[in-house]
Protein chains: 2
Amino acid sequence: MNNSVSIKDIAKKFKCAPSTISRALNDHPAINIETRKTIQEYALKVGYQKNTLSLSLLNNCSMTLGLVLPSITHYHESSMLEGMEEILLKSGYLLNICVSNESHTIEKEYIDRLLANRVDGLFISMAQESYDQQLGEHIDRVIQRSLPVIFIDRPNHGVASDRVVTDDYQGAFMATKHLIDMGCQRIAHLHGPSGISVSQQRFLGYQDCLIAHGRQVEADLIQYVHFSAESAIQATRILMQSDSKPDAIFGVNDEVCIAAMFVLREMGISVPNEVAIVGFDDIPLASFGHPPLSSVSRQSRKIGEEAAKLFLSKKDQKLEPVTISLDPKLIIRESSLRS
Amino acid sequence: MNNSVSIKDIAKKFKCAPSTISRALNDHPAINIETRKTIQEYALKVGYQKNTLSLSLLNNCSMTLGLVLPSITHYHESSMLEGMEEILLKSGYLLNICVSNESHTIEKEYIDRLLANRVDGLFISMAQESYDQQLGEHIDRVIQRSLPVIFIDRPNHGVASDRVVTDDYQGAFMATKHLIDMGCQRIAHLHGPSGISVSQQRFLGYQDCLIAHGRQVEADLIQYVHFSAESAIQATRILMQSDSKPDAIFGVNDEVCIAAMFVLREMGISVPNEVAIVGFDDIPLASFGHPPLSSVSRQSRKIGEEAAKLFLSKKDQKLEPVTISLDPKLIIRESSLRS
DNA sequence: CTGAAAGCGCTAACAG
DNA sequence: CTGTTAGCGCTTTCAG
């Protein structure tokens, strides 16, 4: 399957030692400048491509990184990936992407493969299953190898480790505060899947803000959803059909809020006047909702950039674990603007 | 950086040859079953992890693939990626992802890196720049190495090669036909970036359908956009402020249509009665638009699955180049339903 | 049943 | 300025 030409092949052609070719190709000053040129040209002509695998073996460094994510179809994740790519492109790294689909088994399998391929570092947003069942030994194993591991969004069960996150708690607090400021009295929450840090933090921010303003956290006002729009349909209906209807909804992400607005429209309930809405993530389509959706931006792309930079700064010198926490930004649009 | 234990280390511990350890770890029947067990247990205990790089070097096969995409933040791309992952997970492959950001230079750089890392195959959706400037030698070089290359969505300048695509032409034709059937007289098109196959095919389907129904293709009814929602704002305004307003819009993707509906709402123009709309891609949020957006589904996830399967079927036996063309599906929702 | 040796592609130390 | 040699981690003949 592989027709590739090696340094030895070139050496034969020039009737010299492989090391000479190696040096010439690497522009080693000890080699006659003329010879260097000739060899380089020939290499180019025959399409010589350095085999990095051999170097990885030699130098114990593969210039390859692993990224393990529960999914990739949400804007936040793919945008983060683009941020990482941008930084890593310049540093010569290649990124192995692995989608765990929230499964612990798959996550473990992928991590094994990444280790076998000797990635130089690992970025991971843990699968819900791993998180739920407190299964962390597969990752501890990686850390014990003193391989840099950087957690994204979801932490590693409180174990001190490098992390890049948005302050979800603060973002949720800000969103809830904003709804209170708008005069909303009964603020509901579309709660993300339990066990996931992102869901928990957003709920806590919501809860603490209510409490800080002398409000109750009412069980009726909380409905559990997944991160998909579909999952919010039923939840929103239940919310609005209850005896104690909310006059605001803070959703765990934008998708569920867009679905909620859809249901409200169907029910003839006006947004923001009867029900004000704030989402999370600030996906590009948020501003084109009906009405435009207020949302907490978590700077997805920047998370990726920061994670990549953190790795680059860590790879040489071992330092204490660092948590980079980005500030969320509340983007106020019509869906929560009451006059 | 790498504390990893090698087969040699284990051999020392057991005072035997590395080859014995290798065999034991691979469950070679020639090794005493007892010894095998003991060695395997020890390996597990000390966290031995096979170094796949050495095998790649040995077997000329890295179990690693490359995926080069112009971007990853659109649902179509990330969903396709998930489809690929699902298939490749079972076959033991790891996927290197590279986002070219439509730049030829970056694309080339990434392909070089992938080749240097000896990927066993390459999936690519060409950057617009490469496409525009007919720059294909970087990819021809890959093909000449007889490395399997599978084109996704965007073909390789008509050169026969393995491809997985949705039939964009047919999808556009169906969408346009549907608008005609709904009684629309002046069907506008939000045309994607020129030079990109996807844009061209969708335009051609639109054009040919109009012609097939005795309509004219009017320049006034065509506005160029990018694949982002923002880009459609201005385009839609121009369309609706012209002397010859359209009564339907077929957009190159769902994002631009959602933005178009937003502008129409602002202008007080009703959808679908004054202007009917059909998009492309059927993103998850399409059904939650106001009104729900009709769209042509291109089976994004399936494209990824088919591409992965195609690679797996090709890797052993060399066969003639194959084009897998998936049928698009028109999903009719309110945005185009006239009574 | 187990060991020794060669080799995948490359570089770097050491000689010439 | 260039060649020789060893070795990264592993498997696989070929011998014992």
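Owing to the predicted nature of the structure, the values given are computational and were not obtained by experimental measurement.

1. With respect to the overall build of chain A
Helix and strand content of chain A: 13 helices and 12 strands. Relative to the 2.2 N^0.38 estimate, which gives 20 Å for 339 residues, the radius of gyration of chain A is 26 Å and therefore markedly larger than a compact globule would have. Burial analysis of chain A (339 residues in total) assigns 57% to the buried set. Contacts in chain A between residues far apart in sequence, at least 24 positions, make up 74% of those at least 6 positions apart. Surface summary for chain A: the accessible area is close to 13,700 Å², and the carbon and sulfur share equals 51%.

2. Brief notes about the sheet that holds strand 10 (residues 294-297) of chain A
Residue and element names in this part refer to chain A. In spatial order, the strands read 7-6-8-9-10-12; together these 6 strands make up an open sheet with mixed pairing. Of all the strands in the sheet, just strand 7 (222-224) and strand 12 (329-331) have a single pairing partner and so form its edges. Neighbour-to-neighbour, the strand axes of the sheet open up by a mean angle of 20 degrees, direction not taken into account. Sheet topology note: the strand 6 (residues 187-191)/strand 7 ladder contains 3 bridges and is parallel. In the sheet register, Leu190 faces strand 7, and the bridge partner there is Gln223.

3. Brief notes about the packing of helix 2 (residues 18-25) of chain B against helix 3 (residues 33-45) of chain B
All names here are of chain B. At a minimum axis separation of 9 Å, helix 2 and helix 3 run at an interaxial angle of 90 degrees. It follows from the interaxial angle that helix 2 and helix 3 lie roughly perpendicular. Mapping the contact onto sequence places Ile21, Ala24 and Leu25 in helix 2 and Arg36, Ile39, Gln40 and Ala43 in helix 3. Of the residues contributing to the contact of helix 2 with helix 3, the split by class is 5 nonpolar, 1 polar and 1 charged.

4. Some thoughts on the relation of the copies chain B and chain A
The transformation that overlays chain B on chain A combines an axial shift of 0.0 Å with a rotation of 180 degrees, and the residual RMSD is 0.0 Å. In symmetry terms, the pair is related by a two-fold rotation axis. No C-alpha of chain B approaches the rotation axis more nearly than that of B:Asn96, which lies at 2.2 Å. Comparing interface residues between copies, 100% of those in chain B also lie at the interface in chain A; the contact surface is shared.

5. Details of the UniProt feature "domain: HTH lacI-type" (unreviewed entry) in chain A
Listed under "domain: HTH lacI-type" (unreviewed entry) in the UniProt record, and renumbered for this structure, are residues 5-59 of chain A. Summarising residues 5-59 of chain A: 67% helix, 0% strand, and an end-to-end C-alpha distance of 22 Å.

6. A word on the nonpolar core
Core analysis: the largest hydrophobic core is formed by 100 residues, its most contacted members being A:Leu190, A:Ile277, B:Leu190 and B:Ile277. Filtering out sequence-adjacent residues up to four positions away, B:Ile277 remains in contact with B:Leu179, B:Ile249, B:Cys257, B:Ala260, B:Met261, B:Leu264, B:Val271, B:Leu293, B:Ser294, B:Ser335 and B:Ser336. Of all hydrophobic cores here, the second largest spans 49 residues; its members include A:Ile150, B:Met84, B:Leu88 and B:Leu326.

7. Some details on the sheet that holds strand 8 (residues 248-251) of chain B
Residue and element names in this part refer to chain B. Strand order in the open sheet made by the 6 strands is 7-6-8-9-10-12, with mixed pairing throughout. The sheet terminates laterally at strand 7 (222-224) and strand 12 (329-331), the two strands that pair on one side only. Pairs of neighbouring strands in the sheet enclose a mean axial angle of 20 degrees, with direction left out of account. Here helix 10 (residues 197-212) sits on the sheet in contact with strand 6 (187-191), strand 7, strand 8 and strand 9 (276-280), set at roughly 170 degrees to strand 6.

8. Notes on the domain arrangement of chain A
If you check the domain split of chain A, you get domain 1 (7-50), domain 2 (61-166 + 302-326) and domain 3 (168-299 + 330-336). Each of domain 1 of chain A and domain 3 of chain A has a C-alpha centre, and the two are 64 Å apart.

9. Side note on a positive patch on the surface
All names here are of chain A. A surface patch of like charges, here positive, comprises Lys90, Lys302, Lys309 and Lys329. The residue Lys329 is located in strand 12 in this model. What makes Lys329 partly exposed here is its relative accessible area of 47%.

10. Considerations on the environment of B:Leu210
Residues and elements named next belong to chain B. Mapped onto the secondary structure, Leu210 falls in helix 10. Looking at Leu210, the relative accessible area reads 3%, which means it is buried. Note: C-alpha distance between Leu210 and Phe173 (37 residues apart in sequence) is 8.5 Å. Setting aside chain neighbours within four positions, we find Leu210 in contact with Thr176, Ile180, Ile187, Arg215, Gln216 and Val217.

11. A few points about the protein's contact with DNA strand D
Residues in close proximity to DNA strand D total 24 residues, the closest being A:Ser19, A:Thr20, B:Ile7, B:Ser22 and B:Tyr48. In DNA strand D, atoms within 4 Å of the protein come from the sugar-phosphate backbone in 61% of cases. Within the contact set of DNA strand D, a phosphate oxygen lies 2.6 Å away from a side-chain nitrogen or oxygen of B:Ser22. Within the contact set of DNA strand D, a phosphate oxygen lies 3.0 Å away from a side-chain nitrogen or oxygen of B:Lys50.

12. A word on the packing of aromatic side chains
For the structure shown, the criterion picks out 16 aromatic pairs over all chains. Relative to A:Tyr206, the ring of A:Phe203 lies with its centre 6.0 Å away and its plane at 40 degrees, an arrangement referred to as tilted. Of this pair, A:Phe203 and A:Tyr206 both sit in helix 10 (residues 197-212), 3 residues apart, which is roughly one turn of the helix. Taking the relative accessible area as the measure of exposure, A:Phe203 reaches 17% and is therefore buried. For the pair A:Phe262 and B:Phe288, a centre-to-centre distance of 5.5 Å together with 85 degrees between the ring planes defines the contact as edge-to-face.

13. Quick notes on the protein's contact with DNA strand C
Lining the immediate surroundings of DNA strand C are 24 residues, of which A:Ile7, A:Ser22, A:Tyr48, B:Thr20 and B:Arg23 lie closest. Restricting attention to atoms of DNA strand C within 4 Å of the protein, one finds that 65% of them are sugar or phosphate atoms. In the model, a phosphate oxygen of DNA strand C is placed 3.1 Å from a nitrogen or oxygen of the A:Lys50 side chain. At a separation of 3.3 Å, a phosphate oxygen of DNA strand C approaches a polar backbone atom of A:Asn51.

14. Here we look at the environment of B:Met261
Residues and elements named next belong to chain B. You can see Met261 is positioned in helix 12 (residues 254-266). On the basis of relative accessibility, which here comes to 2%, the residue Met261 falls in the buried class. On a C-alpha basis, the gap between Met261 and Gly289 in space is 8.7 Å, while along the polypeptide they are 28 residues apart. Residues in contact with Met261, not counting those within four places in the same chain, are Val271, Ile277, His290, Pro291, Leu293 and Ser335.

What counts and how
Residues numbered from 1 in each chain as written. Chains lettered and ligands numbered in written order. Predicted model: local features only at pLDDT ≥ 70, side-chain atom pairs only at ≥ 80, totals over all residues. Heavy atoms only, no water. Helix = DSSP H or I, 4+ residues; strand = E, 2+ residues; numbered from the N terminus. Rg over C-alpha atoms; globule rule 2.2 N^0.38 Å. Buried < 20%, exposed > 50% of the residue type's maximum accessible area, 1.4 Å probe, protein only. Contact = heavy atoms within 4.5 Å. Areas by Shrake-Rupley, 256 points an atom, 1.4 Å probe, with all protein chains shown as cover. Pairing = 2+ DSSP bridges. Axes fitted to C-alpha atoms, helices over the stretch in contact; angles between N-to-C directions. Parallel < 35°, antiparallel > 145°, perpendicular 65-115°, else oblique. Nonpolar A, V, L, I, M, F, W, Y, C, P; charged D, E, K, R; others polar. Least-squares fit on C-alpha atoms with pLDDT ≥ 70 in both. UniProt positions renumbered as here; feature names shortened; annotations may be inferred. Core = buried A, V, L, I, M, F, W, Y, C linked by side-chain atoms within 4.5 Å. Domains from an automatic or database assignment. Patch = residues over 30% accessible without salt bridge, like charges linked within 9 Å, V, L, I, M, F, W, Y side chains within 5 Å. Salt bridge = Lys/Arg side-chain N within 4 Å of Asp/Glu carboxyl O. Lys, Arg positive; Asp, Glu negative; His and termini not counted. Charge placed at Lys NZ, Arg CZ, Asp CG, Glu CD. Near = heavy atom within 4 Å. Polar contact = N/O pair within 3.5 Å; in protein donor to acceptor, adjacent residues only side chain to side chain. Phe/Tyr/Trp six-rings, centres within 6.5 Å; stacked < 30°, edge-to-face > 60°.

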